[in-house]
Amino acid sequence: MQNNYLGNPKSTLEIINKYDFMFQKKFGQNFLIDSNIVEKIVREANVTKEDMVLEIGPGIGTMTQYLCEAAKNVVVVEIDKNLIPILGETLAAYDNVTIINEDILKVDINELAEKYNGGRPIKVVANLPYYITTPIIMQLFESNVPIDSITIMVQKEVADRMQVGPGTKDYGALSLAVQYYANPKIVLNVPPTCFMPKPNVGSAVIKLTRHTDNPVNPKDAKFMFKLIRAAFNQRRKTLMNALNNAPDINYSKEQIANAIKTAGFSETIRGEALTLEEFARLSDAF
Ligand code: SAM
């Protein structure tokens, strides 16, 4: 077993100096340097020897080491080619890890689940690059990857946004998408001092457990999400005007007014006042 764990400042500095590694801001590189936090994340993810874990952005492999010990197998996808030789060294003790040098947004995750887990539900665990948190989450949900849970470190503010309902300023399209697909729960708050270099925002670990049954069943979920995006793209406007101005909602003003009325809402309502269930009702009213 590997003994040279990386979850501390000294080991992290040693390995990055050995390879003359330069942190790349454009890739959102803030590496964890606190093994307590890493252990807690892996524990919250509930990884067992039955599980395949996909880790997005392993960095130098700090959390990967713990994941390899807990899981059946681990697949890591890392965009930065300069980290690949480092991972080769830090993960050398493990024979259950596959390292892929690619942009996660270009990877067919369904194919990975098929190849490395026989198509069974996978667990995603990651300290995400913050510049693409939302596209990564949407990719995981919308591509219908078989997923058991997603345990991810994100910006604190984004974690809050995933949990809230109508009437709060953080409520938005991401909240609704997350709540449609999963049950979100913040499991840990993490201060900037746990990373190298320190990010200038607070972080939180959120666990998204996939629903077995969706909480609402609109006739056309894709259309419902079009409505949601349109409503929040112009959140200061009434729902009526926001939908009427949206380029990809191809209904006349009259048809939109009718649907809003049929769904039981006033003409002056704003989209940000609607719950997921109400958006589903509106979607069916069209
Ligand atoms: N997991 C490591 C840790 O906790 O120490 C590193 C986390 S760091 C916040 C984010 C990682 O994601 C970096 O290693 C970065 O290079 C990688 N990354 C950034 N954009 C990526 C992308 N589009 N696809 C895959 N990896 C990416």
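The structure this text deals with has already been given above.
Read on for an overview of the structure. (Residues numbered from 1 in each chain as written. Predicted model: local features only at pLDDT ≥ 70, side-chain atom pairs only at ≥ 80, totals over all residues. Heavy atoms only, no water.)

## A closer look at helix α11 (residues 253–262)
- Buried residues of α11: Ile256, Ala259 and Ile260, and no others. Across the axial projection of α11, the buried residues extend over an arc of 100 degrees, all falling on one side. Facing away from the buried side of α11 by more than 90 degrees, the exposed set consists of Glu254, Lys261 and Thr262.
- Elements in contact with the buried residues of α11: α10 (239–245) and α12 (276–285).
- Glycine 264 lies just past α11 and shows a positive phi near 95 degrees. (Buried < 20%, exposed > 50% of the residue type's maximum accessible area, 1.4 Å probe, protein only. Helix = DSSP H or I, 4+ residues; strand = E, 2+ residues; numbered from the N terminus. Arc of directions from axis to C-beta. Contact = heavy atoms within 4.5 Å.)

## Remarks on the pattern of salt bridges
- Scanning the model with the defined rule gives nine salt bridges in all.
- We note a salt bridge from glutamate 14 to lysine 10, for which the minimum N-O separation is 3.3 Å. Of the two residues, glutamate 14 and lysine 10 are both situated in helix α1 (residues 9–18); the distance of four residues between them amounts to about one turn of the helix.
- Linking lysine 156 and aspartate 160 is a salt bridge whose minimum nitrogen-to-oxygen distance equals 2.8 Å. (Salt bridge = Lys/Arg side-chain N within 4 Å of Asp/Glu carboxyl O.)

## Considering the side chain of asparagine 117
- Mapping asparagine 117 onto the fold places it in helix α5 (residues 109–117).
- Within polar-contact distance, the side chain of asparagine 117 engages the backbone oxygen of proline 121 at 3.3 Å. (Polar contact = N/O pair within 3.5 Å; in protein donor to acceptor, adjacent residues only side chain to side chain.)

## Quick notes on the pairing of strand β5 (residues 122–127)
- In terms of burial, β5 is largely enclosed, as six of its six residues are buried.
- With burial as the criterion, each face of β5 is covered, one bearing Ile122, Val124 and Ala126 and the other bearing Lys123, Val125 and Asn127.
- For strand β2 (residues 52–56) and β5, the ladder comprises three bridges, and the chain directions are parallel. Within β5, the position partnered with valine 53 by the bridge is lysine 123.
- Note on the crossover from β5 through helix α6 (residues 133–142) to strand β6 (residues 147–155): the handedness is right-handed. (Pairing = 2+ DSSP bridges. Right-handed = clockwise from strand over helix to strand, strands pointing away.)

## A look at α5
- Looking only at α5, the buried set comprises Ile109, Leu112, Ala113 and Asn117. The buried side chains of α5 occupy one side of the element, clustering within an arc of 100 degrees when seen end-on. Of the exposed residues in α5, those oriented more than 90 degrees away from the buried face are Glu111, Glu114 and Lys115.
- One or two residues past the end of α5 sits glycine 118, with phi positive at roughly 55 degrees.

## Brief notes about the nonpolar core
- In this structure, Leu54, Leu208 and Leu282 are the most contacted members of the largest nonpolar core, which totals 66 residues.
- Of the residues forming this core, the biggest block, eight residues, is contributed by helix α9 (residues 221–233).
- Leaving out residues up to four positions away in the same chain, leucine 282 has contacts with Leu227, Leu239, Leu243, Ala259, Ile260, Ala263, Phe265 and Leu274.
- One finds Leu32, Ala45, Tyr94 and Leu188 within the second-largest nonpolar core, a separate group that totals 28 residues. (Core = buried A, V, L, I, M, F, W, Y, C linked by side-chain atoms within 4.5 Å.)

## Some thoughts on the pairing of β2
- Of all five residues making up β2, five are buried, and the element is well covered by its neighbours.
- Residues of β2 alternate between two faces, with Met52, Leu54 and Ile56 on one and Val53 and Glu55 on the opposite face, all of them buried.
- In this structure, β2 lies alongside strand β3 (residues 73–78), joined through five bridges in parallel fashion. By the bridge assignment for β3, isoleucine 56 is matched with valine 77.
- For the segment spanning β2, helix α3 (residues 62–70) and β3, crossover handedness is right-handed.

## Things to note about the site of the ligand
- Taken together, 23 residues lie near the ligand, and Leu32, Gly57, Glu78, Asn127 and Tyr131 sit nearest.
- In the model, an oxygen atom of the ligand is placed 2.8 Å from a nitrogen or oxygen of the leucine 32 main chain.
- Between the ligand and glutamate 55, the relevant distance is 3.5 Å, taken from a nitrogen atom to a side-chain nitrogen or oxygen of the residue.
- Here the ligand loses 99% of its free accessible area of 600 Å² to cover by the protein chains.
- When contributions to the shell around the ligand are tallied by element, the ones reaching two or more residues are β1 (31–32) and β3.
- When its residues are assigned to classes, the shell around the ligand shows twelve nonpolar, six polar and five charged. (Near = heavy atom within 4 Å. Areas by Shrake-Rupley, 256 points an atom, 1.4 Å probe, with all protein chains shown as cover. Nonpolar A, V, L, I, M, F, W, Y, C, P; charged D, E, K, R; others polar.)

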